Amino acid sequence: VTRDADALLGKAGAGDRAALARLLSMVERGGDAAREVGAVTHPRGGAAYTVGLTGAPGAGKSTLTAALLGVVRGRAERIAVLAIDPSSPFTGGAILGDRIRMHEHATDDGVMIRSMATRGHLGGLALATPAAVRVLDAVGWPWILIETVGVGQVEVDVAGAADTTVVVLNPGWGDAVQASKAGLLEIADVFVINKADRPGAREARDDLERVLDLSSPARRPEVLETVAETGEGAAELWEAVSRHRDDLTRSGELDRRRADRLRDEVAALVAERVLERARQAADGEAFDRLIDEVQARRLDPWSAADELLGSAPTSGR
Ligand SMILES: Nc1nc2c(ncn2[C@@H]2O[C@H](COP(=O)(O)OP(=O)(O)OP(=O)(O)O)[C@@H](O)[C@H]2O)c(=O)[nH]1
Ligand SMILES: [Mg+2]
């Protein structure tokens with residue numbers, strides 16, 4: 001299988017879109033195939049810069065993405081887009097696809113668009129996203145934009161997997177407060193108030209500034225306004241992203257962030273594998289029996305974990 005992944009990577013690197021699509025499908029499916037792809041792509045990665053775009057459904061992320069594609073292509077740079085939709089296998093990607101066609105990027109060799117949806121379990125998407133980024137990186141895409149829908153924990157995880165995270169808000173009371181509650185404040189590097197052609201943009205901005213005053217983050221994010229439909233503010237947004245990138249690079253924080261993400265990824269894989277091993281060792285029935293014991297309060301959860309791991313009780317727990 002490694003030979004397959006290697007051969008596909010060679011083709012994809014030479015510009016074969018079908019080969020690239022197959023690599024991304026292998027990653028999306030997970031399991032051994034995804035692992036083989038990871039093994040051949042990881043050594044060739046590290047050059048791409050990733051930008052996350054997140055915000056509530058309908059905030060204008062896809063429209064903004066299309067506008068940003070125009071800006072980036074105007075600079076003759078190549079860019080790939082991953083549209084991640086944790087909630088539905090249908091909406092995000094299709095909507096994005098329509099918008100992109102509208103903007104005539106569909107036949108552009110300098111643009112690659114791929115949507116990924118939940119195929120069953122949620123944790124898979126948080127693991128599949130960095131793996132997909134790795135593929136695009138290894139194949140030589142210099143910019144990778146990750147659009148995620150919604151404001152749940154999975155979206156925060158996915159958006160947090162980018163080097164620079166842009167959080168998209170809209171005019172209207174309470175958006176900033178909602179974003180704060182959803183944990184978006186912690187991951188936002190740049191804020192955008194999109195649909196600034198509508199009333200309330202100034203108030204939304206004031207709201208956000210107040211929320212930022214209260215939370216006083218270590219690095220205060222820039223706040224910009226855009227009208228994605230006309231492209232107004234898109235060039236400024238891209239400049240803000242570039243400025244943030246320069247800041248991170250100069251301060252060395254980019255390397256620290258990337259090391260943190262790799263640490264999280266390895267830890268998640270270890271946790272997944274240890275649990276899988278414990279389940280197998282106990283076989284399904286024994287696992288369920290232990291849970292019954294815990295529920296009947298004859299066994300505490302820590303002792304159950306010890307038994308599943310086949311280890312002596314850990315001290316102090
Ligand atoms: N007035 C106005 N409408 C906008 C603007 N940007 C986007 N819209 C509209 O808002 C709606 C949602 O836009 P999308 O780009 O699909 O939003 P999204 O955040 O990608 O939506 P999901 O992927 O479903 O979460 C569309 O009808 C857009 O035409 C804007 O700047 N001004
Ligand atoms: Mg969208």
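As shown above, the structure is provided for reference.
Below you will find a few notes about this structure. Just so we're clear, the structure is a prediction, and the values are computed from it rather than from any experiment. (Residues numbered from 1 in each chain as written. Chains lettered and ligands numbered in written order. Predicted model: local features only at pLDDT ≥ 70, side-chain atom pairs only at ≥ 80, totals over all residues. Heavy atoms only, no water.)

1. Focus: unusual backbone geometry
Stated formally: The buried label applies to any residue whose accessible area, calculated with a 1.4 Å probe on protein chains only, is under 20% of its type's maximum; exposed applies above 50%, and partly exposed to all values in between. Comment: elements are numbered from the N terminus, with helices defined as DSSP H or I runs of at least four residues and strands as E runs of at least two.
At Ala76, a position not held by glycine, the phi torsion is positive, near 60°. When its relative accessible area of 66% is taken as the criterion, Ala76 is described as exposed. The backbone of Lys195 sits at a positive phi, close to 70°, despite the residue not being glycine. Mapped onto the secondary structure, Lys195 falls in the loop between strand 6 (190-194) and helix 10 (201-215). Under the relative-accessibility criterion, Lys195 is labelled partly exposed at 21%.

2. As for the pairing of strand 5 (residues 164-169)
For the record, the criterion: Any two strands with at least two DSSP-identified bridges between them are counted as paired.
The element strand 5 is extensively covered by neighbouring structure, given that 6 of its 6 residues are classed as buried. Residues of strand 5 alternate between two faces, with Thr164, Val166 and Val168 on one and Thr165, Val167 and Leu169 on the opposite face, all of them buried. Bridging between strand 1 (residues 49-55) and strand 5 involves 4 bridges; their strand directions are parallel. Its bridge partner lying in strand 5, Val51 is registered against Thr164. Note that strand 5 and strand 6 share 4 bridges and pair parallel. Bridge pairing in strand 6 links Leu169 to Ile193.

3. So, the packing of aromatic side chains
Worth spelling out the cut-off: Aromatic pairs are defined between Phe, Tyr and Trp rings, using the six-membered ring for Trp, whenever the two ring centres lie within 6.5 Å; interplanar angles under 30 degrees are classed as stacked, those over 60 as edge-to-face, and all others as tilted. Charge-over-ring contacts are defined here by two conditions on Lys NZ or Arg CZ: a distance within 6 Å of the ring centre and an angle within 35 degrees of the ring normal.
What the rule picks out here adds up to 2 aromatic pairs. When the centroid spacing of 5.7 Å and the interplanar angle of 75° are considered together, the rings of Tyr49 and Trp143 count as edge-to-face. Placement of Tyr49 in strand 1 and of Trp143 in strand 4 (residues 143-149) is noted, with a sequence separation of 94 residues between them. Pair check on accessibility: Tyr49 and Trp143 agree, each one buried. Centroid distance Trp143 to Trp238: 4.7 Å. Interplanar angle 65°. Geometry classified as edge-to-face. Of this pair, Trp143 sits in strand 4 while Trp238 is found in helix 11 (residues 234-251), placing the two residues 95 residues apart along the sequence. Across this residue pair, the class does not change: Trp143 and Trp238 are buried. Ring pairs connect the aromatic residues Tyr49, Trp143 and Trp238, which therefore count as one cluster. Above the ring of Trp141, the side-chain terminus of Arg78 is found at 4.2 Å from the ring centroid.

4. Let's talk about the nonpolar core
Put simply, the rule is: Remark: nonpolar core denotes a set of buried residues (Ala, Val, Leu, Ile, Met, Phe, Trp, Tyr, Cys) joined through side-chain atoms within 4.5 Å. Note on contacts: a residue pair qualifies if any of its non-hydrogen atoms lie within 4.5 Å across the two residues.
Leu20, Leu23, Leu136 and Trp141 are the most contacted members of the largest nonpolar core, which totals 31 residues. Those elements giving two or more residues to this core turn out to be helix 1 (2-13), helix 2 (17-29), helix 3 (31-41), strand 2 (79-85), strand 3 (111-117), helix 6 (123-138) and strand 4. Those residues in contact with Leu23, other than ones at most four positions away along the chain, are Ala5, Leu8, Leu9, Ala12, Val37 and Val135.

5. Here we look at the coordination of the magnesium ion (ligand 2)
Spelled out, the test is: Coordinating donors are taken as N, O and S atoms within 2.8 Å of the metal, stretched to 3.2 Å for Na, K and Ca; because water is absent from the atoms, sites can appear incomplete.
Every protein donor of the magnesium ion (ligand 2) is listed here as Ser62 (OG) and Glu147 (OE), and their distances to the metal cover 2.1 to 2.4 Å. Of the two residues, Ser62 is situated in helix 4 (residues 61-74) and Glu147 in strand 4; the sequence distance between them amounts to 85 residues. The residues Ser62 and Glu147 share a single accessibility class, namely buried.

6. Section: the site of ligand 1
Note the threshold: For each residue, the test is whether any non-hydrogen atom lies within 4 Å of the molecule or strand; if one does, the residue is near. Under the rule applied, a polar contact is a pair of N or O atoms within 3.5 Å (in protein, one hydrogen donor and one hydrogen acceptor; residues adjacent in sequence only if both atoms are side-chain atoms). Here the Shrake-Rupley method, with its probe set to 1.4 Å, supplies the accessible areas, and only the displayed protein chains count as covering residues.
Taken together, 18 residues lie around ligand 1, and Gly60, Lys61, Ser62, Thr63 and Glu229 are the ones closest in. Within the backbone of Ser62, an N or O atom sits 2.8 Å from an oxygen atom of ligand 1. Ala228 places a polar main-chain atom, nitrogen or oxygen, 2.9 Å from an oxygen atom of ligand 1. About the coverage of ligand 1: the protein hides 83% of its 660 Å² of free accessible area. For the shell around ligand 1, the secondary-structure elements that each account for two or more residues are helix 4, helix 5 (91-102) and strand 4. Among the elements that line the shell around ligand 1, the one with the most residues is helix 4, at 3 residues.

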